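# Structural description and commentary
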There are 2 protein chains.
Amino acid sequence: MAKPLKIGIAGLGTVGGGVLQILRRNADLLETRCGRPVVVTAVSARSRGKDRGADLSGLRWYDDAAALAHDPEVDVVCELIGGSDGVAKALVETALANGRHVVTANKALLARHGTALALAAESRGLTLAYEAAVAGGIPVIKGLREGLAANRVREVHGILNGTCNYILTEMRTTGRDFADVLADAQRLGYAEADPGFDIDGVDAAHKLAILTAVAFGCQVDFDAVHVEGIRHISSLDIQYADELGYRIRLLAIGRRTERGIEQRVHPCMVPVGSPIGATDGVFNAVVADGDFVDKVVLVGRGAGAGPTASAVVADLLDIAQGRRTPTFGVPAERLVPLPASPIDSRRGRYYLRLMVVDRPGVIADVAALLRDHNVSMEAFLQRGRAPGEAVPVVLTTHETDEAAMQRALAQIGALDTVLEPPRLIRIEDF
Amino acid sequence: MAKPLKIGIAGLGTVGGGVLQILRRNADLLETRCGRPVVVTAVSARSRGKDRGADLSGLRWYDDAAALAHDPEVDVVCELIGGSDGVAKALVETALANGRHVVTANKALLARHGTALALAAESRGLTLAYEAAVAGGIPVIKGLREGLAANRVREVHGILNGTCNYILTEMRTTGRDFADVLADAQRLGYAEADPGFDIDGVDAAHKLAILTAVAFGCQVDFDAVHVEGIRHISSLDIQYADELGYRIRLLAIGRRTERGIEQRVHPCMVPVGSPIGATDGVFNAVVADGDFVDKVVLVGRGAGAGPTASAVVADLLDIAQGRRTPTFGVPAERLVPLPASPIDSRRGRYYLRLMVVDRPGVIADVAALLRDHNVSMEAFLQRGRAPGEAVPVVLTTHETDEAAMQRALAQIGALDTVLEPPRLIRIEDF
């Protein structure tokens, strides 16, 4: 019998509990697959007394997570605490300093400190694995970093936050408003009591920063991600999207352009029939576009105990079988700081919704401002009449520069016939 | 500079040419990723004089592919010749016997001799890699074998033959007949001059046999695959499928049941909105269902020089970086011969189309026969009337046994009011 791989788990929440469960329920299978047992020897969590529905007998308990890194019976520390700094960061640093491999599901930590932690791990010949940090159970990191490694990646984009996708899907299928659907999602446990992290796009941005580093072999640069959330999406916009043949998604896009690397998270209109447009509900989807393989699409569950723990255990099996890959696809000391292309440099199409006073001449003013900024209109919709009152007007543009669009928008928003802040949604025709 | 990994390529057709191109065009990138150069040193193909649009200068040429296995400057033999026996098999066996790793795109070889070749490779500590053999550029083998390795897989299914999917998609979008669309596909190079391998389901069956072994950790058992092709699919069936909310796909299904492992390739009706139903044209799609991760969907290009070569080079990079996994996920000597569940044991729903004489009582006879075999009808469609002449009648059943369905079908087909052989298409409600 080969030597077991010994795991210390820090954090026994949903994911930690799931990891314990997989390692127990599928123990025989995993041992057959990797030729050695993978066993949990020690755990750490905040309150020892809490009933977790998991049998912890026979496991060493540590109140202080960092102590896991000193336990001689721990080969791999699983960091499942979360948070970009504090306990989680200290634990990972201590573990690596003490020669322990690290498996984590912590996207905030990797997005903020990924490059430094990769250097720390690789300089000691250790693995820092994080499949669970991006798109839950979907093997996107392995798929991109190894499966598509023959390719120069041109773009990676996807739905990386299931909460937002659930909310947007519910809004479309029920016609209800954002606030209403969010409250429901909170009641059902699909959204946190403090939902900002999800609905303001921060969570997706963390994941995108990691994905971009893997895709392009560059340093993780979270600060370069342009982030917008979905609070401003109205059911009116969702109806118009339907009518125009689009779905609204909170999209994360990493794109290599001549001006540098674009990293942006914001609501998008995407064609109904595209893989992203067809991904409804809590699911995640990632599309990678490589110079030889073309587009590869991966879809699955981006959260939840089972899927996330599945990814954590996949990382453990890589370690158990001695499979090693540089953290972000190329050795950490060769990760370059690629120039960031700011959102102002985006070129693409736009959807614009205005609430205007229904009277002659208003559209002429809007059209003139667009023309002045060299923005070419593609389609224009005004349904229903209410003379003298507020009516929605929707238009889409041909491909144009974000900077020009924003300048036009500022002037359009200042017209006294435009009653609410204009709503702009970028269109991506994948 | 680390030692280069030296490649010998046997077969310089579409895929071989693509591999040469990737290794040249992305040489710097690949060297950065894996820390050593990956270089082609020798090649072998049938006719040396042929212009392949690739510069072969500086490469050793062998007329006899097996000679690659003896070249001291070859670490890995890429077998890109094809065919389940003959030259390809001899080359792979010789290469492994001579301590060379093997990368192949040969599904027929693996489907027929996979278990024995895996044993030969693993007993010598060598890699036998074959990502390109299943679903072209999509990293399904890696995804399943490593990405989802934490899971007990319940089922794997997918579209594994792009030619059939192209033909079925064209039939639907143009309303044209099978023969007509096939002729077009041959003209466009999407189908071979001898199309049987694709349209009779053999190619998909080869791939399924491999996928099943990886999914369930069992010996490769191609002979246990039930195979039907798409020659009998008519544009009438495609229209009815549309009407019922389905798409017709040539599906490959590997399923773990209480009675054993189901392996079957045949036309299916699948819901329009399912990932498989949404995969049109030449694309491949694979869905794996694991006990913790739930369903993961992978979609991309299943054929063509770029995508297939992308998968071959991914395998080369695994070897270059020393990443090793048992050939079929569990060590070859532990692959078990799982019992096969024959097609007769299938349980599911069915679509049935009959061409009947339009006169009273015909449907009553059909309904009585179904009842006699305990098959419960779900829906029934008869459009248009032509008293005394042949009209199509379509019905779908509730879940029933294949054996019962086939018995009923034999009797229904024997009715003198049923004018053509009944058309049965299985329904899978993923």
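Reading the values: the criteria
- Residues numbered from 1 in each chain as written.
- Chains lettered and ligands numbered in written order.
- Predicted model: local features only at pLDDT ≥ 70, side-chain atom pairs only at ≥ 80, totals over all residues.
- Heavy atoms only, no water.
- Domains from an automatic or database assignment.
- Buried area = accessible area lost by both parts, 1.4 Å probe.
- Salt bridge = Lys/Arg side-chain N within 4 Å of Asp/Glu carboxyl O.
- Polar contact = N/O pair within 3.5 Å; in protein donor to acceptor, adjacent residues only side chain to side chain.
- Helix = DSSP H or I, 4+ residues; strand = E, 2+ residues; numbered from the N terminus.
- Phe/Tyr/Trp six-rings, centres within 6.5 Å; stacked < 30°, edge-to-face > 60°.
- Buried < 20%, exposed > 50% of the residue type's maximum accessible area, 1.4 Å probe, protein only.
- Lys NZ or Arg CZ within 6 Å of the ring centre and 35° of its normal.
- Core = buried A, V, L, I, M, F, W, Y, C linked by side-chain atoms within 4.5 Å.
- Contact = heavy atoms within 4.5 Å.
- Least-squares fit on C-alpha atoms with pLDDT ≥ 70 in both.
- Pairing = 2+ DSSP bridges.
- Axes fitted to C-alpha atoms, helices over the stretch in contact; angles between N-to-C directions.
- UniProt positions renumbered as here; feature names shortened; annotations may be inferred.
- Lys, Arg positive; Asp, Glu negative; His and termini not counted.

The name an unreviewed UniProt entry assigns to chain A is Homoserine dehydrogenase, from the organism Rhodospirillum centenum.

A word on the domain arrangement of chain A. All names here are of chain A. Split into domains, chain A comes out as domain 1 (5-137 + 325-333), domain 2 (140-302) and domain 3 (346-427). The centre of domain 2, based on its C-alpha atoms, is set 26 Å off from the matching centre of domain 3. For the pair domain 2 and domain 3, the summed buried surface comes to about 1500 Å²; carbon and sulfur atoms form 57% of the total. In this assembly, domain 2 and domain 3 are joined by two salt bridges. Among the ionic pairs, R353 bridges to D237, the shortest N-O distance being 2.5 Å. At the boundary of domain 2 and domain 3, one finds seven residue pairs in polar contact (both at pLDDT 80 or more). Of all the elements in the fold, those that place two or more residues in the side of domain 2 that touches domain 3 are α10 (235-244), β9 (246-257) and β10 (260-271).

Residue and element names in this part refer to chain A. Scanning the model with the defined rule gives four aromatic pairs over all chains in all. The interplanar angle of 40 degrees and the centroid separation of 5.4 Å between the aromatic rings of Y130 and F328 together place this pair among those described as tilted. Here Y130, found in the loop between β6 (128-129) and α5 (140-147), pairs with F328, found in the loop between α11 (305-320) and β13 (347-357); they are 198 residues apart in sequence, far enough to count as distant. Centre to centre, the rings of Y166 and Y190 are 4.6 Å apart; their planes meet at 75 degrees, and the pair counts as edge-to-face. With Y166 in helix α6 (residues 162-174) and Y190 in the loop between α7 (178-187) and α8 (196-199), this pair connects stretches of sequence that are 24 residues apart. Taking the relative accessible area as the measure of exposure, Y190 reaches 41% and is therefore partly exposed. One Lys or Arg, R346, reaches over the ring of Y350 and ends 4.8 Å from the middle of that ring.

Take the nonpolar core next. One finds I167 and F328 of chain A together with I167 and F328 of chain B to be the most contacted residues of the largest nonpolar core, which totals 169 residues. Once residues lying within four places of it in the same chain are set aside, the contact partners of F328 of chain B are L110, G114, T115, A118, Y130, R145, I210, A213, V214, G217, V220 and L335 of chain B. Of all hydrophobic cores here, the second largest spans 35 residues; its members include L5, V19, L59 and A311 of chain A.

In this section: helix α5 (residues 140-147) of chain B. With eight of eight residues buried, α5 of chain B lies mostly within the body of the structure. Turning to α5 of chain B, its buried residues number three or more, namely V140, I141, K142, G143, L144, R145, E146 and G147 of chain B.

In this section: the relation of the copies chain B and chain A. Rotating chain B by 180 degrees about the axis while translating it 0.0 Å along that axis superimposes it on chain A, leaving an RMSD of 0.0 Å. Taken together, the rotation and translation relating the two chain copies correspond to the operation of a two-fold axis.

Residue and element names in this part refer to chain B. Taken together, six strands build an open sheet; the order of strands is β3-β2-β1-β4-β5-β6 and the sheet is parallel. The sheet is open, and its two edges are formed by β3 (60-62) and β6 (128-129), each paired on a single side. Examined bridge by bridge, strand β4 (residues 76-79) and strand β5 (residues 101-104) share four bridges and lie parallel to one another. In the strand pairing of β5, V77 is matched with V102. Along the sheet, helix α3 (residues 86-97) contacts β1 (5-10), β4, β5 and β6; its crossing angle with β4, the most-contacted strand, is approximately 170 degrees.

Residues and elements named next belong to chain A. Annotation from UniProt places "active site" (unreviewed entry) at K207. Relative to the helices and strands, K207 resides in helix α9 (residues 202-216). Contacts of K207, omitting those with residues within four sequence positions, involve K107, A133, V134, A135 and L160. A polar side-chain atom of K207 sits 2.7 Å from the main-chain carbonyl oxygen of L160.

What follows concerns the side chain of D291 of chain A. Secondary-structure assignment places D291 of chain A in the loop between β11 (283-290) and β12 (294-301). It is R25 of chain B that comes nearest to the buried, bridge-free D291 of chain A among opposite-charge side chains, at 4.2 Å. A distance of 2.9 Å separates a polar side-chain atom of D291 of chain A from the backbone nitrogen of R152 of chain A. Of the polar contacts made by the side chain of D291 of chain A, one reaches the side chain of N26 of chain B; its length is 3.2 Å.

As a rule of thumb, non-glycine residues mostly have phi less than zero, and peptide bonds are mostly trans rather than cis. Phi at A135 of chain A takes a positive value of approximately 60 degrees, unusual for a residue other than glycine. Considering the arrangement of structural elements, one finds A135 of chain A in the loop between β6 and α5. A relative accessible area of 0% means that A135 of chain A is categorised as buried. You will see that D294 of chain B, though not glycine, has its phi angle at about 65 degrees, which is positive. When you line up the elements, D294 of chain B lands in strand β12 (residues 294-301).

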